[in-house]
Amino acid sequence: MIELRNLSKRFQTPDGQIDALRHINLTVNDGDIYGIIGMSGAGKSTLVRCINMLERPSEGAVILDGRNLGELSDKELRDIRHQVTMIFQSFNLLMQRTCLKNILLPLTLQGTPRKEAEERARELLRIVGLPDKANAYPAQLSGGQQQRIAIARALATNPKVLLCDEATSALDPKTTHTILDLIREINRQMGITVIVITHQMSVVQEICNRVAILENGAVVEEGEVSDVFTNPKATATQMLVYPELADGTITIGKNGTQQIRLTFNGAEAAGEPLLARMAMDLQIPASVHTASMRSINGKAYGYMLLEIPGGPDQMAAAIKYLSGHDNVLVQITGAYGKKKESIPETQPEGETEL
């Protein structure tokens, strides 16, 4: 378990003091894939460097399995860094060394016997899917392959925690997906706790189970990924999750007519579409004005803003129909998308299609 207790970091500059981190309190449980996300300058990279003590916090504590890292000697910290390893956006491989020798480096520094170290390195090459690249140099590899070698190097010392600092930001979407799959598999098979530092919501939604949102060096929201994505409370979270709704200024109707907002909180993303069903069952063809949907662990999260044709009777019928589906919250909105009232979520027997 990693605990950050009242963690703050200040830097002195010619222009005055900068509060890079302000009173961070987080708990990362063993086996978590924990996302820390924020816009550029939010303090993400400073936070990850404080977690492994490459930066000493100005105040507060980093607790790893009950040990306060700030109280350890330099030698003890070096030992801890074998347990808390890191991969980077730029891979940070030694270009003059082969892939095998890059992976061997932390084992050599740790004093592992050569034969044992080489066996471990070759096993890690197999785990990351590059057993044939032992004698290749990083310059001969693609970006995704270089990151796989960096992951293998980070795993060499059997760490408890893997820190990923924007580890997929330099990769194309397809390669990013394969690297995230690899990280998830490593987490599952080896039980390694993973902390993912990123500015990409897609990365968090794909592999993380919990997330913290940073803004101006402070945590403004934290929780289960599904909860935070479904009902973002902080403005910074809303801008990341639903940027088009963050300021509440979307104009929905031309004549100030009421609209319906559907919030999907884990509905099953299968079967016949919900709106098509309503059109067939009630002859009410809703128009989708705006939507932002994502799938997390096979379930649908997000929202739709709908315009319902007809008068009050059609609106009432649509609300009753839509609110009768599991994990779908129906809200009536005004002309600018602001919530006016809520219809309580119900969970009757039945289907939960989108």
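Before reading further, recall that the structure is shown in the block above.
Participant: Describe the overall build of the protein, naming the residues involved and giving the relevant values.
Facilitator: Looking only at helices and strands, the protein has 11 helices and 15 strands in total. Taken over 354 residues, the protein has a buried fraction of 49%. Of the contacts formed within the protein by residues at least 6 apart in sequence, a portion of 67% connects residues at least 24 apart.

Participant: Summarise the pattern of salt bridges; cite the residues concerned and give the values.
Facilitator: Pairing is possible between side chains of opposite charge, provided their charged atoms come close. This model, assessed by the stated rule, comprises 13 salt bridges. The closest approach of N and O atoms between D65 and K160, which form a salt bridge, is 3.1 Å. With D65 in the loop between β4 (59–64) and β5 (67–68) and K160 in the loop between α5 (143–155) and β7 (161–165), the pair connects residues that are 95 residues apart, well separated along the chain. Salt-bridge contacts for E224 lead to R210; the nearest nitrogen and oxygen are separated by 3.0 Å. Here E224, found in strand β10 (residues 218–224), pairs with R210, found in strand β9 (residues 210–215); they are 14 residues apart in sequence, far enough to count as distant. Note on E224: relative accessible area 33%, which makes it partly exposed. With a relative accessible area of 19%, R210 lands in the buried category. One continuous salt-bridge network, built from bridges that share partners, spans K9, R49 and E55.

Participant: Can you tell me about the pairing of β7, naming the residues and giving the values?
Facilitator: When you tally the buried positions in β7, you get five out of five residues, the bulk of the element. Alternating positions in β7 separate into two faces, V161, L163 and D165 on one and L162 and C164 on the other, with burial throughout. As defined by bridge partners, strand β6 (residues 84–88) adjoins β7 across five bridges and the pair is classed as parallel. Each bridged residue has a counterpart across the sheet, and for M86 the counterpart in β7 is L163. Bridge analysis of β7 against strand β8 (residues 193–198) gives five bridges, and the strand direction is parallel. Paired with V161 across the bridge in β8 is T193. Between β7 and its parallel partner β8, the chain crosses via helix α6 (residues 173–190), and the hand of that crossover is right-handed.

Scoring rules and cut-offs
- Residues numbered from 1 in each chain as written.
- Predicted model: local features only at pLDDT ≥ 70, side-chain atom pairs only at ≥ 80, totals over all residues.
- Heavy atoms only, no water.
- Helix = DSSP H or I, 4+ residues; strand = E, 2+ residues; numbered from the N terminus.
- Buried < 20%, exposed > 50% of the residue type's maximum accessible area, 1.4 Å probe, protein only.
- Contact = heavy atoms within 4.5 Å.
- Salt bridge = Lys/Arg side-chain N within 4 Å of Asp/Glu carboxyl O.
- Pairing = 2+ DSSP bridges.
- Right-handed = clockwise from strand over helix to strand, strands pointing away.

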